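Breakdown of the fold
The lines below spell out each chain.
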Amino acid sequence: MIKDIPLKSGEKNAYLRYLTTTDLPDILELQTIVYEALEDKKRLETLDESEFRTILEGEPLMVGIFHQEKLIAFRAFLNPVADEEGLGEDIGLTKEHFAEIIYSEISNVHPDYRGNHLQTQMGEFVMEQLDRNRFRYILATVAPGNIPSMKDKFALGMCIYQVKAKYGGKLRYIYCNDLALNDVQSKEQREIDIKDIGGQAKLIEEGYIGIEMKKTGADWIIIYQK
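None of these values were measured; they are calculated from a predicted model.

**What to know about the packing of helix α1 (residues 24-37) against helix α2 (residues 49-56)**
One can describe the packing of α1 onto α2 by two numbers: an axis separation of 11 Å at closest approach and a directional angle of 130°. Classified by the interaxial angle, the pair formed by α1 and α2 is oblique. For the pair α1 and α2, the sense of crossing is right-handed. Contacts between α1 and α2 involve Leu24, Ile27, Leu28 and Gln31 on the former and, on the latter, Glu49, Phe52, Arg53 and Leu56.

As structure tokens, then:
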């Protein structure tokens, strides 16, 4: 399946399609470009060739965007065998839910093409194709301060359910979109500075989840509700 993708520059010839193992060299090259361009390397948990191959050899859950036949962005979802990274367990899911979990695993956008909402467009495409009778929980991790990725997760209907150390001690938000959860009118809302990790952890312990973010002056605020 191929889908045309608009770029804000008005340029044409950009399109999205599912990726296969034949795209692996381009995927690894783009990941290196993205990683080297990061000021804070801790924001991206890279995958090695074998991890990408595992995703690509499974069901079609990895898409890429091409411009003039060059890979400029990719996004991978993963159907974990048994909540392999423990994200479901981190937010209180139990073994009977593990088969309903899918991870939003990794997203990369070439630095020259940022600002086109490519990450979110890829996420929306994959989520539209998901079998909702099979999958209920979409889980992801994001480094605090990675504003584009946080915006992306909120745009895809995901909320912050936990903040804790993952991947060898790296601090991460754990996002979840429960596809079976109906809209619930919140009784309480709290706004908190994105830098106040301790305060956010306390709110989560009290039953709050982070539902959106906004910029106030030079600061980013996260809105929690329960």
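**A few points about the side chain of Thr141**
With respect to the helices and strands, Thr141 occurs in strand β6 (residues 137-142). With relative accessibility at 19%, the residue Thr141 sits in the buried group. Polar contacts involving the side chain of Thr141 include one to the side chain of Tyr167, which spans 2.8 Å. With residues near it in sequence (within four places) discarded, Thr141 still touches Leu87, Tyr167, Arg172, Tyr173 and Ile174.

**Some words on the nonpolar core**
Of all hydrophobic cores here, the largest spans 42 residues; its most connected members are Leu118, Met150, Ile160, Tyr173, Ile222 and Tyr224. Of the residues forming this core, the biggest block, 5 residues, is contributed by helix α4 (residues 118-129). Val34, Leu44, Phe52 and Ile91 belong to the second largest nonpolar core, which has 29 residues in total.

**Some details on the packing of aromatic side chains**
Throughout the structure, instances matching the rule amount to 5 aromatic pairs. The interplanar angle of 70° and the centroid separation of 5.2 Å between the aromatic rings of Phe154 and Tyr175 together place this pair among those described as edge-to-face. You can see Phe154 sitting in helix α5 (residues 147-155) and its partner Tyr175 sitting in strand β8 (residues 170-178), a full 21 residues away along the chain. Like Tyr175, Phe154 is buried. Taken together through their ring pairs, the aromatic side chains of Phe154, Tyr173 and Tyr175 make up a single cluster. Above the ring of Tyr35, the side-chain terminus of Lys41 is found at 5.7 Å from the ring centroid.

Criteria and thresholds
- Residues numbered from 1 in each chain as written.
- Predicted model: local features only at pLDDT ≥ 70, side-chain atom pairs only at ≥ 80, totals over all residues.
- Heavy atoms only, no water.
- Axes fitted to C-alpha atoms, helices over the stretch in contact; angles between N-to-C directions.
- Helix = DSSP H or I, 4+ residues; strand = E, 2+ residues; numbered from the N terminus.
- Parallel < 35°, antiparallel > 145°, perpendicular 65-115°, else oblique.
- Left-handed = near helix turned anticlockwise from the far one by under 90°.
- Contact = heavy atoms within 4.5 Å.
- Buried < 20%, exposed > 50% of the residue type's maximum accessible area, 1.4 Å probe, protein only.
- Polar contact = N/O pair within 3.5 Å; in protein donor to acceptor, adjacent residues only side chain to side chain.
- Core = buried A, V, L, I, M, F, W, Y, C linked by side-chain atoms within 4.5 Å.
- Phe/Tyr/Trp six-rings, centres within 6.5 Å; stacked < 30°, edge-to-face > 60°.
- Lys NZ or Arg CZ within 6 Å of the ring centre and 35° of its normal.

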